[in-house]
Amino acid sequence: MPSLLIAKPDGELIQEHPLAPRDTVVIGRNADCDLVVRSDRISRHHVLIFEHHGRWLAVDLDSTAGLEFENTRVEVHEFTVDRPWIRMGPVIIWLEDWVPDETRTMPPRPPIPEGVGAGMPIPGRDADGNSFLRSAPNPRPLFIYFRDTGSGDSRLFDFADVDRVTFGRGSDCDLVVNGPGILDLHSILYREGDLWKLLDLQLMDREQEPNRRRRIRMLDGMPVSLGDLRGTVLVPEGVIQDGVANLHLGARLTPENTGFTPPNGQNEQ
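Residues numbered from 1 in each chain as written. Predicted model: local features only at pLDDT ≥ 70, side-chain atom pairs only at ≥ 80, totals over all residues. Heavy atoms only, no water.

A few words now on the side chain of Asp62. With respect to the element layout, Asp62 can be found in the loop between β6 (55-60) and β7 (67-69). The exposure class assigned to Asp62 is buried, which follows from its relative accessible area of 16%. Within the local environment of Asp62, its side chain forms a polar contact with the backbone nitrogen of Arg214, the two atoms lying 3.0 Å apart. (Helix = DSSP H or I, 4+ residues; strand = E, 2+ residues; numbered from the N terminus. Buried < 20%, exposed > 50% of the residue type's maximum accessible area, 1.4 Å probe, protein only. Polar contact = N/O pair within 3.5 Å; in protein donor to acceptor, adjacent residues only side chain to side chain.)

The structure is reproduced here in structure tokens:
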């Protein structure tokens with residue numbers, strides 16, 4: 001089992017944390033982080049470490065000091081045999097006892113179901129047909145209303161019962177999204193303390209977009225864009241009736257299955 005090590009630059013170990021598949025680990029100085037490192041050079045929520053089908057990545061959470069590898073600032077770092085560490089302010093983060101599986105094979109991309117727009121997310125499945133989505137140990141409500149601007153398809157997604165969600169074109173993502181500008185591993189929806197966050201994994205040109213945020217907090221009415229998809233975050237009270245949503249993941253919105261009214265502006269192209 002791999003371990004996440006946090007050490008001083010001289011090698012003195014500060015913390016050690018065992019890792020498991022599908023783990024998401026937030027490191028920062030705030031008390032609600034999974035691993036807390038007290039330093040004024042570390043942001044409240046500084047970095048997310050997560051696993052994606054044998055790959056481990058570290059992503060900067062719009063921190064002040066950022067992440068560095070060999071004196072170069074990076075925002076997304078993949079741990080490899082030759083790059084098993086990353087610097088976070090005054091400490092070094094290492095991945096130990098881990099060897100990437102370079103021989104792994106992924107199942108083919110799932111076909112798009114009849115009647116579903118080309119960009120509407122569909123669950124990614126392994127070679128045996130099992131969904132990659134996993135149940136959450138501590139469910140927290142989150143609904144996102146998605147509309148495919150290409151096909152006009154509209155659906156409401158209930159994420160309360162999942163542990164986290166990866167979006168992308170790759171068939172190994174939890175939800176596969178086909179559309180312009182979508183990367184194989186495009187973004188990850190995860191919990192940070194008591195909140196849901198959506199983290200963009202695209203490379204960013206900071207000279208062109210110095211104020212662009214990689215991470216957005218999932219608050220009521222927050223817009224979400226994934227290729228041709230236009231989404232709106234909704235509070236549970238707006239879609240739950242009598243304490244039950246009665247909508248499976250990706251349920252099509254019809255008057256028969258919900259009294260939900262789409263958010264304003266979702267019919268705009």
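Picking up where we left off.
Scanning the model with the defined rule gives 11 salt bridges in all. For Arg22, the salt bridge is made with Asp174, and the minimal N-O distance between the two is 2.9 Å. You can see Arg22 sitting in the loop between β2 (13-18) and β3 (24-28) and its partner Asp174 sitting in the loop between β15 (165-168) and β16 (175-176), a full 152 residues away along the chain. Judged on exposure class, the residue Arg22 and its partner Asp174 are both buried. (Salt bridge = Lys/Arg side-chain N within 4 Å of Asp/Glu carboxyl O.)

Moving on, we get to the nonpolar core. Counting residues in hydrophobic clusters, the biggest one holds 22 residues, and the most contacted among them are Leu4, Ile27, Val47, Ile49, Phe79, Met88 and Ile93. For this core, the element with the highest residue contribution is strand β11 (residues 91-96), accounting for three residues. Core analysis: the second largest hydrophobic core is formed by 21 residues, Ile144, Val162, Ile182 and Leu198 among them. (Core = buried A, V, L, I, M, F, W, Y, C linked by side-chain atoms within 4.5 Å.)

The next thing to look at is the packing of aromatic side chains. Both the distance between ring centres and the angle between the ring planes are used here to describe each pair of aromatic rings. In the structure shown here, the tally under the stated rule is five aromatic pairs. Summarising the aromatic geometry, the rings of Phe69 and Trp85 are spaced 4.7 Å apart at their centres and angled 35° between planes, so their arrangement reads as tilted. Taken together, the positions of Phe69 in strand β7 and Trp85 in strand β10 (residues 85-88) put the pair 16 residues apart, joining distant regions of the chain. Between the aromatic rings of Phe146 and Phe157, the centroid separation amounts to 5.6 Å while the plane-to-plane angle is 80°, which identifies the pairing as edge-to-face. In this pair, Phe146 is assigned in strand β13 (residues 143-148) and Phe157 in strand β14 (residues 154-158), connecting sequence segments 11 residues apart. Accessibility assignment for this pair places Phe146 and Phe157 in one class, buried. Each residue in the set Phe146, Phe157, Phe159 and Phe167 is aromatic and connected to the rest through ring pairs, giving one cluster. (Phe/Tyr/Trp six-rings, centres within 6.5 Å; stacked < 30°, edge-to-face > 60°.)

To continue, consider the environment of Ser131. Relative to the elements of secondary structure, Ser131 occurs in the loop between β12 (122-123) and β13. Among the residues examined, Ser131 registers a relative accessible area of 28% and is labelled partly exposed. Separated by 43 residues in the primary sequence, Ser131 and Asp174 place their C-alpha atoms 7.3 Å from one another. Setting aside anything within four residues of it in sequence, one finds Ser131 in contact with Pro123, Gly124 and Arg125. Polar side-chain contacts of Ser131 include one of 3.2 Å to the backbone nitrogen of Leu133. (Contact = heavy atoms within 4.5 Å.)

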